[in-house]
Amino acid sequence: MATTEGFILSNKKSWDEVAPRFFGRTALPSYGPFAPDEDKLNLLGDISGAKVLEIGCGSGHSLQYMASRGAEELWGLDLSDIQIATAKTLLEPYMAILKQLFQSPMEQDPGLPRSYFEIVYSIYAIGWTVDLPTTLQNVYGYLKPGGIFVFSWEHPLHNRIKFEGDSFVVKKSYHEEGLHQCEAWNDRTAIVNQLKLSNYINELVRTGFQIERVVEDVYVPENAEIGNPSRWYSSEKAELIPATFIIKCVKPKK
Ligand SMILES: C[S@@+](CC[C@H](N)C(=O)[O-])C[C@H]1O[C@@H](n2cnc3c(N)ncnc32)[C@H](O)[C@@H]1O
């Protein structure tokens with residue numbers, strides 16, 4: 001079924017199968033592999049009293065972090081039933097502030113309040129959208145004027161370059177964009193959206209966002225594994241190109 005609905009359904013099936021492998025793996029304060037974390041970047045600012053929504057909330061570990069930083073309301077949305085069930089269990093201690101976790105694709109609005117959130121964020125999930133313009137329009141609608149949207153995803157250069165023999169080589173054109181099977185998921189269907197960084201930026205601007213910061217900085221921890229440059233994420237590769245990018249933008253007050 002090569003329709004966007006078909007891709008969402010096959011991605012859901014795959015995520016329900018693999019979810020346990022990812023519980024808590026890409027969660028705040030981390031923005032993703034070899035990226036500086038929230039403690040260093042302070043992109044979210046003062047969270048206390050904020051109503052927050054996570055797009056692609058996975059197992060709920062980032063929402064747990066938001067609770068620990070004093071968020072007033074926790075909301076989440078994720079495609080996978082297994083992720084949502086896990087997040088509900090993880091967030092049981094925060095029942096008083098946990099509002100709703102929706103099993104839903106980010107391409108659809110499951111009934112979230114409009115002009116409501118001070119912070120909408122997404123950690124390594126946005127590249128799964130099969131429809132970036134609609135997803136960004138949804139996010140824009142959920143935010144209060146003055147509210148922020150912060151998201152991270154794999155840097156679009158990262159899967160273009162591979163270690164072969166004794167060096168890194170460009171294997172695919174940076175200019176090639178669109179929905180494709182994610183190579184790192186060679187064992188099951190995983191349709192992700194390959195987009196250039198400029199495409200994310202231009203689409204945010206078209207939606208009405210003001211971009212505050214684009215982060216391509218790399219942080220390689222002292223204890224990072226070395227000597228295995230052909231791994232999907234390796235410190236050797238990160239020394240050359242970013243594994244992750246992060247964008248912070250604002251819904252203007254008008
Ligand atoms: C790498 S995980 C994010 C983990 C999350 N940051 C955490 O703290 O656990 C990516 C998530 O995106 C979700 N996802 C994939 N496609 C989606 C879609 N179209 N709409 C909503 N969520 C989606 C997956 O189910 C998965 O939980």
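Residues numbered from 1 in each chain as written. Predicted model: local features only at pLDDT ≥ 70, side-chain atom pairs only at ≥ 80, totals over all residues. Heavy atoms only, no water.

1. Thoughts on the pattern of salt bridges
Point 1. Taken as a whole, this structure holds 13 salt bridges when the rule is applied.
Point 2. For Glu-118, the salt bridge goes to Lys-144, with nearest N and O atoms at 2.4 Å. Of this pair, Glu-118 sits in strand E4 (residues 117–123) while Lys-144 sits in strand E5 (residues 143–154); the two residues are 26 residues apart in sequence, bridging distant segments of the chain.
Point 3. Linking Glu-183 and Lys-162 is a salt bridge whose minimum nitrogen-to-oxygen distance equals 2.9 Å. Here Glu-183, found in the loop between strand E8 (178–181) and strand E9 (191–194), pairs with Lys-162, found in strand E6 (residues 161–164); they are 21 residues apart in sequence, far enough to count as distant.
Point 4. Its relative accessible area of 23% is what places Lys-162 among the partly exposed residues.
Point 5. A cluster of three or more residues bridged by salt bridges with shared partners is formed by Lys-13, Glu-17, Asp-187 and Arg-188. (Salt bridge = Lys/Arg side-chain N within 4 Å of Asp/Glu carboxyl O. Helix = DSSP H or I, 4+ residues; strand = E, 2+ residues; numbered from the N terminus. Buried < 20%, exposed > 50% of the residue type's maximum accessible area, 1.4 Å probe, protein only.)

2. Focus: the nonpolar core
Point 1. The biggest cluster of nonpolar side chains holds 37 residues, and the ones touching the most others in it are Val-120, Phe-149 and Tyr-200.
Point 2. Taken together, the elements giving at least two residues each to this core come down to helix H1 (4–22), strand E1 (51–55), strand E2 (73–78), E4, helix H5 (132–142), E5, helix H6 (197–207) and strand E11 (244–250).
Point 3. When residues in this core are grouped by element, the largest group, 5 residues, is from H5.
Point 4. The residues contacting Phe-149, other than those within four sequence positions of it, are Val-120, Tyr-121, Ser-122, Ile-126, Leu-136, Val-139, Leu-143, Leu-204, Phe-209, Ile-247, Lys-248 and Cys-249.
Point 5. Core analysis: the second largest hydrophobic core is formed by 30 residues, Tyr-31, Ala-35, Leu-43 and Val-250 among them. (Core = buried A, V, L, I, M, F, W, Y, C linked by side-chain atoms within 4.5 Å. Contact = heavy atoms within 4.5 Å.)

3. Focus on the packing of H1 against helix H4 (residues 81–90)
Point 1. The interhelical angle for the contact between H1 and H4, taken along N-to-C directions, is 45°, at an axis separation of 7 Å. Viewed along their axes, H1 and H4 adopt a mutual orientation that is oblique. Between H1, through Lys-12, Trp-15, Asp-16 and Ala-19, and H4, the contact on the second element is made entirely by Asp-81, Ile-82 and Gln-83.
Point 2. Across the contact of H1 with H4, the residue classes break down as 3 nonpolar, 1 polar and 3 charged. (Axes fitted to C-alpha atoms, helices over the stretch in contact; angles between N-to-C directions. Parallel < 35°, antiparallel > 145°, perpendicular 65-115°, else oblique. Nonpolar A, V, L, I, M, F, W, Y, C, P; charged D, E, K, R; others polar.)

4. Here we look at the site of the ligand
Point 1. Near the ligand lie 22 residues; those nearest to it are Thr-26, Ser-62, Asp-78, Gln-83 and Met-106.
Point 2. In isolation the ligand exposes 600 Å². Once the protein is present, 98% of that is buried.
Point 3. Grouping the amino acids of the shell around the ligand by side-chain chemistry returns 11 nonpolar, 8 polar and 3 charged. (Near = heavy atom within 4 Å. Areas by Shrake-Rupley, 256 points an atom, 1.4 Å probe, with all protein chains shown as cover.)

5. A few points about the packing of H5 against H6
Point 1. Relative orientation of the contacting elements H5 and H6 amounts to 50°, with a least axis distance of 10 Å. Taken together, H5 and H6 sit at an angle that is classed as oblique. Relative to H6, H5 is oriented so that their crossing is right-handed. Contact residues: Leu-132, Pro-133, Leu-136, Gln-137 and Tyr-140 in H5; Tyr-200, Glu-203, Leu-204 and Thr-207 in H6.
Point 2. When the residues that make up the contact of H5 with H6 are grouped by side-chain class, the tally is 6 nonpolar, 2 polar and 1 charged. (Left-handed = near helix turned anticlockwise from the far one by under 90°.)

6. Some thoughts on the side chain of Ser-59
Point 1. Looking at the element boundaries, Ser-59 is found in the loop between E1 and helix H3 (61–68).
Point 2. Taking the relative accessible area as the measure of exposure, Ser-59 reaches 5% and is therefore buried.
Point 3. Of note is the side chain of Ser-59, whose polar atom sits 2.7 Å from the side chain of His-61. (Polar contact = N/O pair within 3.5 Å; in protein donor to acceptor, adjacent residues only side chain to side chain.)

7. Considering the sheet that holds E11
Point 1. Taking strand neighbours across the sheet as the criterion, the 7 strands line up as E3-E2-E1-E4-E5-E11-E10 in an open arrangement whose pairing is mixed. With partners counted over all chains shown, the strands left at the sheet margins are strand E3 (98–103) and strand E10 (210–215), one partner each. Taking the axes of each pair of neighbouring strands and ignoring which way they run, one obtains an average angle of 15° across the sheet.
Point 2. Note: E2 against E3, 5 bridges, orientation parallel. Each bridged residue has a counterpart across the sheet, and for Leu-77 the counterpart in E3 is Phe-102.
Point 3. The sheet strands contacting H4 are E2 and E3, and the helix crosses E3 at an angle near 165°. (Pairing = 2+ DSSP bridges.)

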